[in-house]
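Here are the chains, one letter per residue:
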Amino acid sequence: MDDLDPQLLRVLRAVRDAGSISRAAAALGYSQPAVSQLLARAERRLGQDLVLRNARGVTLTEAGRVLAEHALSVEAALTAAREDLAAVGGLARGRVRIAGFPSASSTLVPSVLATMARVAPGVTTSYVEAEPPEAIDLLRRDEVDVAVTFTYVGDEVAPDPTLVSRALGRDPLRLVRPGGTRDPGPSAAVGRPVALGGDRAGTASAADAVVDLASLRDARWIGGCPRCRGHLLASCATAGFTPRIVLETDNAAAVVGLVAADLGVALLPRLALASTVIPPTVAVERVDDELARRVEVVVARGADRVPSIRAALDAVVGAAAQLG
């Protein structure tokens, strides 16, 4: 019934145990008139008598006894709820579900999960790999709480007032093609952190020339995920040609293997190269920094007020800062 509330159940139990309204009021810390008025209002709302008054005090009716029996379990449930809420607020329990794109899985995500395990061991943290459009769909369907995504300059992403995104940094692209020299930056060393915003090794020297995509108009290209393939087409169109895409895979290691076999050239983000073995027969070269993708973290508006989600956001931002 909508007319029941925990306070009424507590009062009825106190009346049953005390045998009088005045003693029940004293036990609860209420005034006797306040308890009498509460019972009278409840009887009017419910349409049933709850107490029987007599010369020796009061006793509960059958309806009153039924409700009083529930008081203990309701109070226990409320106490458990308060304790659970306090535990969630203190990160002693809870859950957070994270989605991220493939190259984040081997670079950003391990640090995020390790941080959550350290600072919030009572929170169950799960992870699923998904390209940005799928990750955003999961977020909208409330199947994940945090989405690590990326966008390119020129991407037409419809604004969604229910979501909030936070920029983590820029992930520069690199041209990967057959050759005998390699980019001296961190992508040449497997497992070394890669800066989202640029080379950890510092500014490239004059010898590290930026490759003009127009010089590759006759090359065979390897395409990636749909969003990356669209960016490749747009970038090459800006350079004045349409790339001849002969192979497609969103697996960075597979792309490098295809390039090593002299089957094509490709654009790969630095995060993807950071955890990929680069053979000495493959060259990794700089391209225009304007081609870089923006890495972002997205949550539902207001979700950052949830302690477990806020902790996950802090972990994602911290992992991105370590790479930077």
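The structure presented is a predicted model; accordingly, all values stated were derived computationally and were not measured.

(A) Representation of the packing of aromatic side chains. Enumeration over the complete set of coordinates arrives at two aromatic pairs. Taken together, a centroid distance of 5.0 Å and an interplanar angle of 85° make the contact between Phe101 and Phe150 edge-to-face. Of the two residues, Phe101 is situated in the loop between strand 3 (94-100) and helix 5 (102-105) and Phe150 in strand 5 (residues 146-152); the sequence distance between them amounts to 49 residues. Relative to Tyr152, the ring of Phe150 has its centre 5.7 Å away and its plane inclined at 75°; by these criteria the two rings are edge-to-face. Exposure remark for Phe150: the relative accessible area of 1% places this residue in the buried category. Here the aromatic residues Phe101, Phe150 and Tyr152 are joined through ring pairs into a cluster of three or more.

(B) Structural view of the sheet that holds strand 11 (residues 282-286). With antiparallel pairing, the three strands of this open sheet are ordered in space as 10-7-11. Only two strands of the sheet have a single neighbouring strand rather than two, namely strand 10 (266-269) and strand 11. Strand after strand, the sheet turns through a mean of 35° between neighbouring axes, direction not considered. Where helix 9 (residues 252-260) meets the sheet, its contacts fall on strand 7 (173-178), strand 10 and strand 11, and the angle it forms with strand 10 comes to roughly 145°.

(C) Representation of the environment of Thr125 in the model. Positionally, Thr125 belongs in strand 4 (residues 123-129). Excluding anything up to four places from it in sequence, Thr125 contacts Val96, Ile98, Leu113 and Met116.

(D) Just the pattern of salt bridges, in detail. Tallied over the full model, the rule gives 13 salt bridges. As a salt-bridge pair, Arg140 and Asp137 come within 3.6 Å of each other at their nearest N and O atoms. Residue Arg140 and its partner Asp137 are located together in helix 7 (residues 132-140), separated by three residues, close to a single helical turn. Overall, Asp137 belongs to the partly exposed group, its relative accessible area being 34%.

(E) Structural detail: the layout of surface pockets. The space that makes up the largest pocket amounts to roughly 430 Å³. In terms of lining residues, the largest pocket is bounded by 29 residues, among which Cys228, Asp250, Leu268, Pro269 and Ala272 are the most central. At the level of secondary structure, the elements contributing two or more residues to the lining of the largest pocket comprise helix 5, strand 5, strand 8 (220-223), helix 8 (226-238), helix 9 and strand 10. Looking at which element gives the most residues to the lining of the largest pocket, the answer is strand 10, with four residues. Along the lines of polarity and charge, the residues of the lining of the largest pocket split into 17 nonpolar, nine polar and three charged. When its volume is computed, the second largest pocket comes out at roughly 350 Å³. Together, 16 residues line the second largest pocket, and Ile136, Val157, Ala158, Leu163 and Val298 are the ones closest to its centre. Along the lines of polarity and charge, the residues of the lining of the second largest pocket split into nine nonpolar, three polar and four charged.

(F) Layout of the sheet that holds strand 12 (residues 293-300). Pairing is mixed across the open sheet formed by five strands, whose spatial order is 4-3-5-12-6. One side of each edge strand has no neighbouring strand; the edge strands of this open sheet are strand 4 and strand 6 (163-171). Strand-to-strand twist in this sheet, taken as the mean axis angle between neighbours without regard to direction, amounts to 25°. Across eight bridges, strand 6 lies against strand 12 in antiparallel orientation.

(G) Representation of the environment of Ala272 within the structure. Along the chain, the position of Ala272 falls in helix 10 (residues 270-274). We classify Ala272 as buried; its relative accessible area is 9%. Taking the C-alpha atoms as reference, Ala272 lies 8.8 Å from Asn251; in sequence the two are 21 residues apart. Not counting residues within four places of it along the chain, the set of residues in contact with Ala272 comprises Ser103 and Ala252.

(H) Just the pairing of strand 5, in detail. The element strand 5 is extensively covered by neighbouring structure, given that seven of its seven residues are classed as buried. Burial along strand 5 is two-sided: the face carrying Val146, Val148, Phe150 and Tyr152 and the face carrying Ala147, Thr149 and Thr151 are both buried.

(I) Looking closely at the side chain of Thr115. Following the sequence through the fold, Thr115 ends up in helix 6 (residues 108-119). Contact partners of Thr115, with chain neighbours within four places excluded, come to Ala120 and Ala315.

(J) View of unusual backbone geometry. In this structure, Asp142 takes a positive phi of about 60° despite not being glycine. Structurally, the position occupied by Asp142 is in the loop between helix 7 and strand 5. For Asp262, which is not a glycine, the phi torsion comes out positive at approximately 65°. Mapped onto the elements, Asp262 comes out in the loop between helix 9 and strand 10. Classification of Asp262 as exposed rests on a relative accessible area of 57%.

(K) Structural context of helix 6. In this model helix 6 runs 17 Å from its N-terminal to its C-terminal C-alpha over twelve residues, within 8% of the 16 Å that 1.5 Å per residue would give. The complete set of buried residues in helix 6 reads Leu108, Val109, Ser111, Val112, Thr115 and Met116. One face of helix 6 carries all of its buried residues, which in axial projection span an arc of 160°. Turned more than 90 degrees away from the buried face of helix 6, the exposed residues are Ala117 and Arg118. As for helix 6, its buried residues are in contact with strand 3, helix 5, strand 4, strand 5, strand 12 and helix 11 (307-323).

How each quantity is defined
- In every chain, residue numbers begin from 1 and rise along the written sequence.
- The predicted nature of this model means local features are confined to residues of pLDDT at least 70 and side-chain atom pairs, given and counted, to a pLDDT of 80 or more, with totals for whole chains, interfaces and linings taken over all residues.
- Working from all heavy atoms in the structure, the side-chain values ignore hydrogens and water.
- Stacked, edge-to-face and tilted labels apply to pairs of Phe, Tyr and Trp rings (six-membered ring for Trp) whose centres lie within 6.5 Å, assigned for plane angles under 30 degrees, over 60, and everything in between, in that order.
- In this text, helices come from DSSP runs of H or I with a minimum length of four residues, and strands from runs of E with a minimum of two, each type numbered from the N-terminal end.
- Three labels apply to residues, based on accessible area from a 1.4 Å probe with only protein chains included: buried if under 20% of the type maximum, exposed if over 50%, partly exposed otherwise in between.
- At least two DSSP bridges between two strands are needed for those strands to be called paired.
- An axis is simply a line fitted to the C-alpha atoms; with a helix, the fit covers only the stretch in contact. Between two such axes, the angle follows the N-to-C directions and lies from 0 to 180 degrees.
- Every residue pair with non-hydrogen atoms within 4.5 Å of one another is taken to be in contact.
- Salt bridges are defined as contacts in which a side-chain nitrogen from Lys or Arg sits within 4 Å of a carboxyl oxygen from Asp or Glu.
- Using only the protein atoms, space was sampled on a 1 Å grid; points where a 1.4 Å probe fits but cannot get out form cavities, open sets with protein on both sides within 12 Å along at least five of seven lines form pockets, and lining residues are those with an atom within 4 Å of a point.
- Grid points are joined across faces, edges and corners, and a volume is the space filled by probe spheres set on the points.
- Polar here means any residue other than Ala, Val, Leu, Ile, Met, Phe, Trp, Tyr, Cys and Pro, which are nonpolar, and Asp, Glu, Lys and Arg, which are charged; Gly is therefore polar.
- To estimate how far a helix should extend, the number of its residues minus one is multiplied by 1.5 Å.
- By arc we mean the arc of the directions from the helix axis to the C-beta atoms, nothing more.

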